[in-house]
Amino acid sequence: MGRRVSLRRRVPSGAYSDVVGELQGWADGRLTVRRRDGSVVEVAEADLVAGKTVPPPPPRRAPRS
């Protein structure tokens, strides 16, 4: 799939949590997102509150010397 997304989900406590990354798949009621750090998060479709595509992050700046 390869689209960069921002997803808002409801967690069991009733609070909300955001997941941002590249959408890897959406099947059987589950969305799979790979975060920038390489970790993979699965979000149940039933917990999804909002979602949108987002632009890629800006390139990292070189450290100041």
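For the structure, see preceding data.
No experiment lies behind these values; they were computed from the predicted model shown. (Residues numbered from 1 in each chain as written. Predicted model: local features only at pLDDT ≥ 70, side-chain atom pairs only at ≥ 80, totals over all residues. Heavy atoms only, no water.)

J.: Any details on the overall build of the protein chain? Residues and values, ideally.
T.: Secondary structure summary: the protein chain contains 0 helices and 5 strands in total. Starting at the N terminus and walking to the C terminus, you meet the elements of the protein chain as β-β-β-β-β. Expected size for 65 residues packed as a compact globule is a radius of gyration near 11 Å; at 14 Å, the protein chain overshoots this value by more than 25%. By its C-alpha atoms, the protein chain is 50 × 30 × 20 Å across when sized along the principal axes. In the protein chain, which comprises 65 residues, the proportion classed as buried is 22%. A separation threshold of at least 6 residues defines the contact pool for the protein chain, and within that pool the share at least 24 residues apart is 36%. Counting only carbon and sulfur atoms, one obtains 50% of the accessible surface of the protein chain, whose full area is about 5,000 Å². Considering the protein chain, the positive charge centre built from 13 side chains and the negative charge centre built from 7 side chains are found 12 Å apart. (Helix = DSSP H or I, 4+ residues; strand = E, 2+ residues; numbered from the N terminus. Rg over C-alpha atoms; globule rule 2.2 N^0.38 Å. Buried < 20%, exposed > 50% of the residue type's maximum accessible area, 1.4 Å probe, protein only. Contact = heavy atoms within 4.5 Å. Areas by Shrake-Rupley, 256 points an atom, 1.4 Å probe, with all protein chains shown as cover. Lys, Arg positive; Asp, Glu negative; His and termini not counted. Charge placed at Lys NZ, Arg CZ, Asp CG, Glu CD.)

J.: Tell me about the side chain of Ser6, residues and numbers included.
T.: For Ser6, the location among the structural elements is in strand 1 (residues 3–10). Look at Ser6 and you get buried, because its relative accessible area is 19%. Contact partners of Ser6, with chain neighbours within four places excluded, come to Val19, Val20, Ala50, Gly51, Lys52 and Val54.

J.: So what's going on with the pairing of strand 3 (residues 30–34)? Which residues, and what values?
T.: A one-sided burial pattern is seen for strand 3, the buried positions being Leu31 and Val33 and the unburied ones Arg30, Thr32 and Arg34. Alignment of strand 2 (residues 16–27) against strand 3, held across 5 bridges, turns out to be antiparallel. Pairing of Glu22 across the sheet is with Arg34, part of strand 3. Between strand 2 and the antiparallel strand that follows it, strand 3, lie 2 residues; Asp28 among them carries a positive phi value of about 50°. Summarising the sheet, strand 3 and strand 4 (residues 40–44) pair through 5 bridges and their orientation is antiparallel. (Pairing = 2+ DSSP bridges.)

J.: A description of the sheet that holds strand 2 should follow, citing residues and the corresponding values.
T.: Taken in spatial order, the 5 strands line up as 4-3-2-1-5 in an open sheet, and their pairing is antiparallel. Of all strands in the sheet, those with a lone pairing partner are strand 4 and strand 5 (48–53), marking the two edges. Between one strand axis and the next, the sheet turns by 45° as a mean value, whatever way the strands run. (Axes fitted to C-alpha atoms, helices over the stretch in contact; angles between N-to-C directions.)

None of this, on its own, says anything about what the molecule does.
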